[in-house]
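# A closer look at the structure
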Amino acid sequence: MKPSNKIKIACIIDQLGTGGTERQLKILIDNLDSSKFDISLFLLRGDKEHYLKPKNISISILNINKLASLDCFFKLLKLSYTLKKGKYQVIQTFFQDSTIIGVLSGKLSGINKVIISIRDMLFWAKPAELKIMQLMMKLSDKIVVNSKAVKQKIIPLCKNTSVQIIYNGIVTGKAFEKNNRAKEAIKKEFNLDNKPIVTLVSNYNRQVKRVDLLIEAVPHIIKVVPANFIIVGDGWMRESLEKRVKELNIEKYIKFTGLRNDVENILKGSDIALNTSDSEGFSNSVMEAMRAGL
C-alpha cells in the first residue's frame, strides 16, 4: 500500500459537550481539507456519540477521569505509544486536562508540533493550576488563542512560545436571521404571550457565566418593560437557579429550555439576546446573536 502524504493530526479534548469550544472544534475538523489532513479525535472521557461530534473521523475515548493517578500515568504511556505508532505529526489540545495529557504524550512520543488552544481569560485558574498551565505553555510549540485579549493575558506567562490569534468562526446566511415564523413557533412551544422575547444562551456549570444576574434583574425589568425571558442551557447549577426563580415569584416570565440542538431557531424567534458572563475570550453566543440580527 502506498504511504499517505496526508498530515496526521491528533485533536485532544476533555469530552464532547455543548459549549462554544466544542462547536468550534467541529467547525474546524469538518472544514479541513480531507485530502491533505488525516484527523483523529481523542476524548479523555465521555461519549463519542454526541450531536457535536465531527464528521467522518476516528474518535477514541481514553477513559482518563483523574489526572493525579497511577491509572492516568499508564494511559498516558499508552496514548504516547499510539501516537508514535500511528506516526502522528501534530497534536492540538483543547481545555486544561487535555492540554496536560496532550503536551506530555506529545513529548513522550517525539511529536515536534504540539499546539495548545487557550480560549478564555484563565478565569478558572488557581495559583497551582496556573503554574501547571505555564509549564504546558513553555513545553508546547505554539499557542492558539481566539482574541487579542486572551493573547495579552497569555504572552507574559509563556515566555518564548509563539502565540497566534485565530478568531472563532461561524456559518452565516439568511437561514439564521430572525423572522416571525420562528417567533410564532417559540411562542407556541413555551406558551408565551406577545411580550418581547429576551434570550440568554449559556451553560449552568460555571459561576462565571452569571445566569443568576439575569434572574435577580428580572423583577426590576418587568416593572418597566414586561418581557418573556428564555434561558437556554443546562448544568449542575440549574436546580438552584430554578429555586431562586420560584422565590422571586417570576416563574411566568422565565422559561428554562435545557439543552437544545436548535439554538439558532430560538435566536431567530427572539427580540433581544443577553450575555451576562463575567469573563469571555471570544463569545460564541454573542456571535450567534449577531448572526440572527439581534
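So, a few notes on the structure that sits alongside this text. Please read these numbers as outputs of a predicted model, since none were measured by experiment.

Cut-offs used in this document
- Residues numbered from 1 in each chain as written.
- Predicted model: local features only at pLDDT ≥ 70, side-chain atom pairs only at ≥ 80, totals over all residues.
- Heavy atoms only, no water.
- Salt bridge = Lys/Arg side-chain N within 4 Å of Asp/Glu carboxyl O.
- Helix = DSSP H or I, 4+ residues; strand = E, 2+ residues; numbered from the N terminus.
- Buried < 20%, exposed > 50% of the residue type's maximum accessible area, 1.4 Å probe, protein only.
- Pairing = 2+ DSSP bridges.
- Axes fitted to C-alpha atoms, helices over the stretch in contact; angles between N-to-C directions.
- Contact = heavy atoms within 4.5 Å.
- Expected span 1.5 Å × (residues − 1).
- Bend = angle between axes of the 7 residues up to and from the residue.
- Parallel < 35°, antiparallel > 145°, perpendicular 65-115°, else oblique.
- Left-handed = near helix turned anticlockwise from the far one by under 90°.
- Nonpolar A, V, L, I, M, F, W, Y, C, P; charged D, E, K, R; others polar.
- Right-handed = clockwise from strand over helix to strand, strands pointing away.

### Digging into the pattern of salt bridges
- Overall, the coordinates contain 16 salt bridges when judged by the stated rule.
- The closest approach of N and O atoms between R260 and E189, which form a salt bridge, is 2.6 Å. Pair noted here: R260 is in the loop between β10 (254-258) and α9 (263-268) and E189 is in helix α6 (residues 180-190), with a separation of 71 residues, a long-range link.
- By relative accessible area, R260 is classed as buried at 16%.
- One salt bridge in this structure joins R210 and D212, with 2.9 Å as the shortest N-O distance.

### Remarks on the sheet that holds strand β1 (residues 7-13)
- In space, the seven strands of this open sheet follow the order β3-β2-β1-β4-β5-β6-β7, with parallel pairing throughout. The open sheet has two edge strands with one neighbour each: β3 (58-61) and β7 (162-165). Between one strand and the next, the sheet's axes are offset by a mean angle of 25°, whatever the strand orientation.
- With four bridges connecting them, strand β6 (residues 142-145) and β7 associate as parallel partners. Residue pairing for β7: K142 is matched across the bridge by S162.
- Against the sheet, helix α3 (residues 96-109) touches β1, β4 (90-94) and β5 (114-118), its axis set at about 160° to β4.
- Along the sheet, helix α5 (residues 148-158) makes contact with β5, β6 and β7, crossing β7 at roughly 175°.

### So, helix α7 (residues 211-224)
- Over its 14 residues, α7 runs 21 Å from end to end, which matches the ideal 20 Å to within 8%, given 1.5 Å per residue.
- A bend of about 45° at V218 is the largest found in α7, and the proline P219 appears one to four places after it.
- Regarding α7, the residues found buried are V211, L214, I215, V218, P219 and I222.

### Things to note about the packing of α3 against helix α4 (residues 127-139)
- As a packed pair, α3 and α4 sit with axes 10 Å apart at the nearest point and diverge in direction by 40°. What the angle tells us is that α3 and α4 run oblique. The way α3 lies across α4 gives a crossing that is left-handed. Each of Q96, T99, I100, V103, L104 and K107 in α3 lies in contact with α4, whose residues at this interface are E129, I132, M133, M136 and L139.
- The residue inventory of the contact of α3 with α4, partitioned by class, reads seven nonpolar, two polar and two charged.

### Regarding the sheet that holds strand β9 (residues 228-232)
- With parallel pairing, four strands are arranged side by side in an open sheet as β10-β9-β8-β11. The sheet is open, and its two edges are formed by β10 and β11 (272-274), each paired on a single side. Mean inter-strand twist for the sheet, computed between neighbouring axes without regard to direction, equals 25°.
- Pairing between strand β8 (residues 197-201) and β9: five bridges, direction parallel. Looking at β9, one finds that V198 is bridged to F229.

### Here's the deal with the pairing of β8
- Among the five residues that make up β8, five are buried, leaving the element largely enclosed by the rest of the structure.
- A two-sided burial pattern is seen for β8, the buried positions comprising I197, T199 and V201 on one face and V198 and L200 on the other.
- After leaving β8, the chain enters α7 and then returns to the sheet as β9, a path that is right-handed.
- Note that β8 and β11 share three bridges and pair parallel. Residue pairing across strands places L200 opposite L274, the latter belonging to β11.

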